Amino acid sequence: MDDSDTPLTVRRSLSPSRAGDFQNCPLLYRFRTIDRLPEPADPVMVRGTLVHAVLEDLFGEPAPGRTLDRAVELLPGEWDKLRAEEPRLAELFTADQAADETAWLASAVDLLRTYFDMEDPRWLEPASREERVGYELESGVTFAGIVDRIDIAPDGRIRVVDYKTGRGPNPRFEDKAMFQMRFYALVIWRTRGVIPTLLQLMYFGDGTLLTYEPEEQELLATERKLVALWSAIERAIELRDFPPRKSGLCGWCAHQALCPEFGGTPPEMPLFEIVNVPQAS
């Protein structure tokens with residue numbers, strides 16, 4: 001059997017990102033999760049990854065040293081580390097684009113400066129940073145994701161924090177933006193037995209701070225929604241039918257050339273099989 005006959009494995013798992021993909025456009029979910037089509041490096045997304053990495057490392061410093069100056073000092077090293085881990089990032093800036101790269105790094109400094117305007121990390125001691133959380137239902141599907149930061153107060157109250165390097169959403173879309181946080185709150189509740197007291201979204205693009213206090217009934221509704229969403233995904237897999245859904249998000253999609261909505265033809269779906277997520281022993 002050659003490699004083309006070996007089925008890919010698709011995990012019976014749902015993260016906030018993949019849930020969002022399927023809700024926004026089932027075909028995009030297929031391209032990313034099943035076909036695993038490569039996407040060009042996006043300067044905005046990479047900058048977000050870089051700022052996240054800097055803040056993760058910053059909280060590893062002794063509290064008095066968590067300053068804006070120190071965060072800026074960490075930027076070049078974190079950028080070098082990201083490029084070493086992902087060679088495709090070298091395509092972002094050529095040797096002739098040094099000025100563009102300098103301006104791009106300066107924009108990351110602006111985002112860090114906004115972060116420091118929003119809170120002082122010298123007075124915080126996160127319980128965890130970039131923590132992978134997840135739990136498996138009896139059906140075998142796992143809900144999992146990576147939480148930017150979890151803070152636990154001395155009395156046991158939990159705050160879940162997520163960093164966003166864009167601008168805050170229009171008030172009409174705040175509930176949609178908070179879906180990811182309710183997802184995390186649900187997983188933390190199911191794994192720790194405690195409902196987080198506060199969910200916090202920090203937008204460094206404009207300093208917007210969104211907070212939300214989840215309740216049990218809302219988290220149960222979120223769980224039901226996720227179960228229904230996974231059932232829809234399994235149905236799409238069974239029928240091998242992932243229709244495109246045209247929206248304003250199409251302008252940012254890397255796969256327009258393959259989308260029927262834009263005159264393209266998707267590639268033949270590869271062989272794949274659905275497997276449960278291995279559980280840690």
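Refer to the structure above for everything that follows.
Below or above, wherever it landed, is the structure these notes cover. (Residues numbered from 1 in each chain as written. Predicted model: local features only at pLDDT ≥ 70, side-chain atom pairs only at ≥ 80, totals over all residues. Heavy atoms only, no water.)

### Points about the layout of surface pockets
Operational definition: Cavities and pockets are found on a 1 Å grid laid over the protein atoms alone: a cavity is a set of points where a 1.4 Å probe fits but cannot escape, a pocket is an open set with protein on both sides within 12 Å along at least five of seven lines, and a lining residue has an atom within 4 Å of such a point. Grid points are joined across faces, edges and corners, and a volume is the space filled by probe spheres set on the points. Here the nonpolar group is Ala, Val, Leu, Ile, Met, Phe, Trp, Tyr, Cys and Pro; Asp, Glu, Lys and Arg are the charged ones; every other residue, Gly included, is treated as polar.
Quantified by volume, the second largest pocket comes out at close to 190 Å³. In terms of lining residues, the second largest pocket is bounded by Leu124, Glu125, Asp151, Ile152, Ala153, Arg157, Ile158, Arg159, Thr197 and Leu198. Residue classes in the lining of the second largest pocket are distributed as 5 nonpolar, 1 polar and 4 charged.

### Some points on the packing of aromatic side chains
Rule in force here: Between rings of Phe, Tyr and Trp, where Trp is taken as its six-membered ring, a pair exists when centres lie within 6.5 Å; planes separated by under 30 degrees are stacked, by over 60 edge-to-face, and by other angles tilted. Put simply, DSSP H or I for four residues or longer makes a helix, DSSP E for two residues or longer makes a strand, and each gets a number counted from the N terminus. Burial classification: accessible surface area is computed with a 1.4 Å probe over protein chains only, and a residue below 20% of its type maximum counts as buried, one above 50% as exposed, and the rest as partly exposed.
This structure, assessed with the given rule, holds 11 aromatic pairs. Between the aromatic rings of Phe93 and Trp104, the centroid separation amounts to 5.4 Å while the plane-to-plane angle is 55 degrees, which identifies the pairing as tilted. With a gap of 11 residues between them, Phe93 in the loop between α4 (68–85) and α5 (98–118) and Trp104 in helix α5 connect regions that are remote in the sequence. On the accessibility criterion, Phe93 (15% relative accessible area) is buried.

### Quick notes on empty space enclosed by the protein
Under the definition given, this model contains 1 cavity of 30 Å³ or more. Space inside the largest cavity adds up to approximately 30 Å³. As for the largest cavity, its lining consists of His52, Glu56, Phe59, Arg129, Glu130, Asp148, Arg149 and Tyr163. Those elements that provide at least two residues to the lining of the largest cavity are α3 (43–58), β3 (128–136) and β4 (142–152).

### Here's the deal with the side chain of Arg30
Selection criterion: Two N or O atoms form a polar contact when they lie within 3.5 Å of each other; inside protein one atom must be a possible hydrogen donor and the other a possible acceptor, and for residues adjacent in sequence the pair counts only when both atoms belong to side chains. Note on contacts: a residue pair is in contact if any heavy atoms of the two residues lie within 4.5 Å.
By secondary structure assignment, the location of Arg30 is in helix α2 (residues 26–35). The class of Arg30 is buried, set by a relative accessible area of 6%. In this structure the side chain of Arg30 is engaged in a polar contact, spanning 2.5 Å, whose partner is the side chain of Asp35. Arg30 has contacts with Asp35, Arg36, Phe242, Pro266, Pro267, Glu268 and Met269, leaving out every residue within four places of it along the chain.

### Digging into the pairing of strand β5 (residues 158–164)
Formally: Should DSSP find at least two bridges between two strands, the strands are regarded as paired.
Burial within β5 is extensive, with 5 of its 7 residues counted as buried. Sheet topology note: the β4/β5 ladder contains 4 bridges and is antiparallel. Counterpart to Arg149 in the pairing with β5 is Val161. Connecting the antiparallel pair β4 and β5 is a turn made up of 5 residues, with Gly156 showing a positive phi of about 95 degrees. The sheet contact formed by β5 and strand β6 (residues 198–203) spans 6 bridges and is parallel. Residue pairing in the sheet places Asp162 in a bridge with Leu201 of β6.

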